[in-house]
Amino acid sequence: MMAANGASCARQQKRAARDKHNGKSTDSSVRERRQEDKEDRLSLVVWRRPVTTLHYFLLETLIKLKEWTLKLWQRRGAVFLVLLLCSLFSFAYSTEGAHQQYVEYLEKRFLWCAYWVGLGILSSVGLGTGLHTFLLYLGPHIASVTLAAYECSSTDFPEPPYPDQIMCPQGGGLEGSISLFSIMSKVRLEACMWGAGTAIGELPPYFMARAARQSGADPEDEDYEEFEEMLEQAEGAQDFVTRAKLGVQHMVQKVGFFGILACASIPNPLFDLAGITCGHFMVPFWTFFGATLIGKAIIKMHIQKLFVIITFSKHIVEQMVSLIGSVPRVGPSLQKPFSQYLDAQRNKLHHAGGSASADENWLSWVFEKVVLVMVCYFVTSIVNSAAQSYAKRLQQQRHSEGKTK
């Protein structure tokens, strides 16, 4: 009897070991299949497979338009209210009367704010590679206002939106009357709107992770898959990047509002992980968005704004130009176009006008081409990302059909 029991126990142990082994082999095969699918999707880019990529991009765009249309129909009450408000504003805009000055003021201010909010969303929305709108638009705008303020000794420029060229006001101001706080106040609206846009752009990872946690479905997002793998392998993490991601995840999960605020208040390339973490652990929406909005639109933007203003203050710019000239051999040749460019900008600010110099045109041409290249790369990354998303739909459909057979 004891021998039979021992044999039975031995058979159960062997069966458990075999099941465990089969489970490991199954997990290994699933992991290998996912890795192969991922490599196949990543190869779907415009410069390698242009016809297939553009075809998949169009199909994914149609699917997204259908999904968004259904969502708008589900919220048709809110859509109707927005359309009603737009109709009322359109009626007030087209009707003559004393209210026109207020309507025009609201229109200009709304378009100016919407412009910077939109640029902020493009910077962080996560459509492939974000467009670096701070370096391309907000930073140069703050720099131009800073240079103009020191040159004109005044910040009495036209209120936003500015004209194509900033001009010094008649009479100017007192020499040395410009301070950091006066310039920060001048560009506060643009900076805060851009920061609010970056906060809005961080919402998609949060909603994606939250919906995946509530439904239990596998979301179509590579970052979320990496996040789950990181949670599974948290104890054995050794490399710096994984430990940094774990640090962000632990701070957000344990500290809550102030952890999110701390991550959002500093330049942090891992903040997408904070949104995924908050959605995965069901952090309330207003806790996440409130901390993100305060951190990005107020704290972080004042830090970045202060850095740009100090960098482009009058004395520091002059020192930078002199340092460029001190570089051996190439220094004087590089110093000349920058000096002439700054002189041309000063002449414009004082209504000197005139035709632009060749060096100024050269610098403007280079900047325009850099902006064009970055925008083209951003659009290309959107196309690649949409095509890869459609390829993942096909892979999941193929695997699900294989399971049912």
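S.K.: Summarise the overall build of the chain; cite the residues concerned and give the values.
M.R.: Within the chain, the secondary structure is distributed over 16 helices and zero strands. Burial statistics for the chain: of 405 residues in total, 31% are counted as buried. Within the chain, contacts between residues at least 6 apart in sequence are counted, and of these 71% link residues at least 24 apart. Counting only carbon and sulfur atoms, one obtains 63% of the accessible surface of the chain, whose full area is about 25300 Å².

S.K.: Please set out helix α5 (residues 133–152) residue by residue, giving values where relevant.
M.R.: Taking 1.5 Å of rise per residue, 20 residues should cover 28 Å, and α5 covers 27 Å from first to last C-alpha, within 8% of that figure. Of all 20 residues making up α5, 14 are buried, and the element is well covered by its neighbours.

S.K.: Summarise the nonpolar core; cite the residues concerned and give the values.
M.R.: Note that soluble globular proteins tend to have their nonpolar side chains buried in a common cluster. Grouped together as the largest cluster of nonpolar side chains are 24 residues, with contacts concentrated most on Leu138 and Trp194. Tallying contributions element by element places α5 first for this core, with nine residues. For Trp194, the residues in contact, after removing those within four places along its chain, are Trp116, Leu119, Gly120, Ser123, Thr133, Phe134, Leu138, Met301 and Gln304. Counting residues in each nonpolar core, the second largest holds 15 residues, with Ala199, Val252, Ile260 and Phe271 among its members.

S.K.: I'd like to hear about the pattern of salt bridges, residue by residue, with values.
M.R.: As enumerated under the stated definition, the model contains five salt bridges in all. Between Arg49 and Asp40 there is a salt bridge; the shortest N-O distance is 3.9 Å. Judged by its relative accessible area of 31%, Arg49 is partly exposed. On the basis of relative accessibility, which here comes to 39%, the residue Asp40 falls in the partly exposed class.

S.K.: Account for the environment of Val117, naming residues and giving values.
M.R.: Note on placement: Val117 falls in helix α4 (residues 100–124). Take Val117: its relative accessible area is 19%, and that puts it in the buried class. Sequence-wise, Val117 and Ala196 are 79 residues apart; in three dimensions their C-alpha atoms are separated by 6.4 Å. Those residues in contact with Val117 that lie beyond four places of it in its chain are Met193, Gly197 and Ile200.

S.K.: Go over the confidence of the model for the chain, please, and point to the residues and values.
M.R.: Residues at a pLDDT of 70 or more form 69% of the chain, whose mean pLDDT is 75. In the model of the chain, helix α1 (residues 2–42) stands out as the element of lowest mean pLDDT, 57, in contrast to helix α7 (residues 188–201), which has the highest, 91. Under a pLDDT of 50 for its full length, residues 1–24 has, in the predicted model, zero contacts with residues more than four places off or in other chains.

S.K.: Explain the packing of aromatic side chains to me, using residue names and the numbers behind them.
M.R.: For any pair of aromatic rings, geometry is given as the distance between the ring centres together with the angle between the planes. Throughout the structure, instances matching the rule amount to 14 aromatic pairs. Grouping aromatic residues by their ring pairs yields a cluster made of Tyr206, Phe207, Phe285, Trp286, Phe288 and Phe289. A cation over a ring is seen here: Arg76 above Trp73, with NZ or CZ 4.5 Å from the ring centre.

S.K.: Report on the packing of α5 against helix α13 (residues 285–311), specifying residues and quantitative values.
M.R.: Remark: α5 packs on α13, axes separated minimally by 9 Å, with the N-to-C direction vectors making an angle of 55°. Classified by the angle their axes make, α5 and α13 are oblique. For the crossing formed where α5 meets α13, the hand is right-handed. Each of Phe134, Leu138, Gly139, Ile142, Ala143 and Thr146 in α5 lies in contact with α13, whose residues at this interface are Met301, Gln304, Lys305, Val308 and Ile309. Counted by class, the contact of α5 with α13 contains seven nonpolar, three polar and one charged residues.

S.K.: Report on the side chain of Lys186, specifying residues and quantitative values.
M.R.: Looking at where Lys186 falls in the secondary structure, it is placed in helix α6 (residues 180–186). Looking at Lys186, its side chain comes within polar contact range of the main-chain oxygen of Thr155, at 3.2 Å.

S.K.: Quick rundown of the side chain of Lys296? Include the residues and the values.
M.R.: Structurally, the position occupied by Lys296 is in helix α13. The exposure class of Lys296 is buried, given its relative accessible area of 6%. Residues within four places of Lys296 in sequence aside, it is in contact with Gly195, Thr198, Ala199, Glu202, Ala264, Phe271 and Met301.

Parameters and conventions
Residues numbered from 1 in each chain as written. Predicted model: local features only at pLDDT ≥ 70, side-chain atom pairs only at ≥ 80, totals over all residues. Heavy atoms only, no water. Helix = DSSP H or I, 4+ residues; strand = E, 2+ residues; numbered from the N terminus. Buried < 20%, exposed > 50% of the residue type's maximum accessible area, 1.4 Å probe, protein only. Contact = heavy atoms within 4.5 Å. Areas by Shrake-Rupley, 256 points an atom, 1.4 Å probe, with all protein chains shown as cover. Expected span 1.5 Å × (residues − 1). Core = buried A, V, L, I, M, F, W, Y, C linked by side-chain atoms within 4.5 Å. Salt bridge = Lys/Arg side-chain N within 4 Å of Asp/Glu carboxyl O. pLDDT = per-residue confidence, 0-100. Phe/Tyr/Trp six-rings, centres within 6.5 Å; stacked < 30°, edge-to-face > 60°. Lys NZ or Arg CZ within 6 Å of the ring centre and 35° of its normal. Axes fitted to C-alpha atoms, helices over the stretch in contact; angles between N-to-C directions. Parallel < 35°, antiparallel > 145°, perpendicular 65-115°, else oblique. Left-handed = near helix turned anticlockwise from the far one by under 90°. Nonpolar A, V, L, I, M, F, W, Y, C, P; charged D, E, K, R; others polar. Polar contact = N/O pair within 3.5 Å; in protein donor to acceptor, adjacent residues only side chain to side chain.

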